[in-house]
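Structure assessment
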Amino acid sequence: QVQLVESGGGLVQPGGSLRLSCAASGFTFSRYVMSWYRQAPGKERELVARAISVGDIITTNYGDSVKGRFTMSRDNAKNTVYLQMNNLKPEDTAVYYCNAYSPIFTKDYWGQGIQVTVSS
């Protein structure tokens, strides 16, 4: 059974930090592209960050709105990805989703989402 379980969300003041985690199970984690997406009320879901691992090399890329503030990492030994979010802004308020995608197996899995609210 595939599971993606997000944790670490909550309420934070502008300028603050949060670290999201996504624990994965039920599939070959290292072979999947892992991503974080977010969706704010009334807006489309957008890509926040993506981490691709090829052997020991991990390549990450970020959405323009979070570059320089967010850092995504993945630990293939722990089947977990992280999203370190610094200098948070009110516009970062959204439900954040963990995603696992395999172009080889054509599988696409989603976590249940976790709320991040940035407000004073």
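What comes next is a walk through the structure. Since we're looking at a predicted model, the values are computed, not measured.

Rules behind the numbers
Residues numbered from 1 in each chain as written. Predicted model: local features only at pLDDT ≥ 70, side-chain atom pairs only at ≥ 80, totals over all residues. Heavy atoms only, no water. Disulfide = S-S within 2.5 Å. Helix = DSSP H or I, 4+ residues; strand = E, 2+ residues; numbered from the N terminus. Buried < 20%, exposed > 50% of the residue type's maximum accessible area, 1.4 Å probe, protein only. Core = buried A, V, L, I, M, F, W, Y, C linked by side-chain atoms within 4.5 Å. Contact = heavy atoms within 4.5 Å. Polar contact = N/O pair within 3.5 Å; in protein donor to acceptor, adjacent residues only side chain to side chain. Pairing = 2+ DSSP bridges.

Digging into the state of the cysteines
One pass over the structure, following the stated rule, counts one disulfide. One disulfide bridge connects C22 with C98, the sulfur atoms lying 2.1 Å from each other. Across the disulfide from C22 to C98, rotation about the S-S bond amounts to roughly -80°, and the bridge is consequently left-handed. Note that C22 is positioned in strand β3 (residues 18-25) and C98 in strand β9 (residues 94-102), a separation of 76 residues in sequence. When sorted by exposure, C22 lands in the same class as C98, which is buried.

Digging into the nonpolar core
If you look at the biggest cluster of nonpolar residues, it comprises 30 residues, and the most contacted ones within it are L4, M34, W36, L83, M85 and Y96. Breaking this core down by element, the ones donating at least two residues are β3, β4 (33-39), β5 (46-54), β7 (70-75), β8 (80-85), β9 and β11 (114-118). Beyond its immediate sequence surroundings of up to four residues, Y96 is in contact with E6, L20, W36, Y37, R38, V48, F70, L83, M85, G113, I114 and V116.

Description of the side chain of S53
Tracing the sequence through the fold places S53 in strand β5. Residue S53 is classed as buried on the basis of its relative accessible area, which comes to 12%. Within polar-contact distance, the side chain of S53 engages the backbone oxygen of S30 at 3.0 Å. Only 3.4 Å separates the side chain of S53 from the side chain of N76, close enough to count as a polar contact. Excluding residues that lie within four positions of it along the chain, S53 makes contacts with S30, I58, R74 and N76.

Points about the pairing of β9
Consecutive side chains of a regular strand alternate in pointing toward one face of the sheet and then the other. When you tally the buried positions in β9, you get seven out of nine residues, the bulk of the element. Here β4 runs beside β9; their pairing, made up of seven bridges, is antiparallel. The residue of β9 that forms the bridge with M34 is A100. Two strands pair when backbone bridges link them, and β9 and β11 are joined in this way by three bridges, in the antiparallel orientation. Its bridge partner being in β11, Y96 is matched across the sheet by I114. Across four bridges, β9 lies against strand β10 (residues 107-110) in antiparallel orientation. Among the inter-strand pairings, S102 is bridged to a residue of β10, identified as K107. Between β9 and β10, which pair antiparallel in sequence order, lie four residues; one of them, T106, sits at a positive phi of approximately 50°.

Structural measurements only, silent on function.
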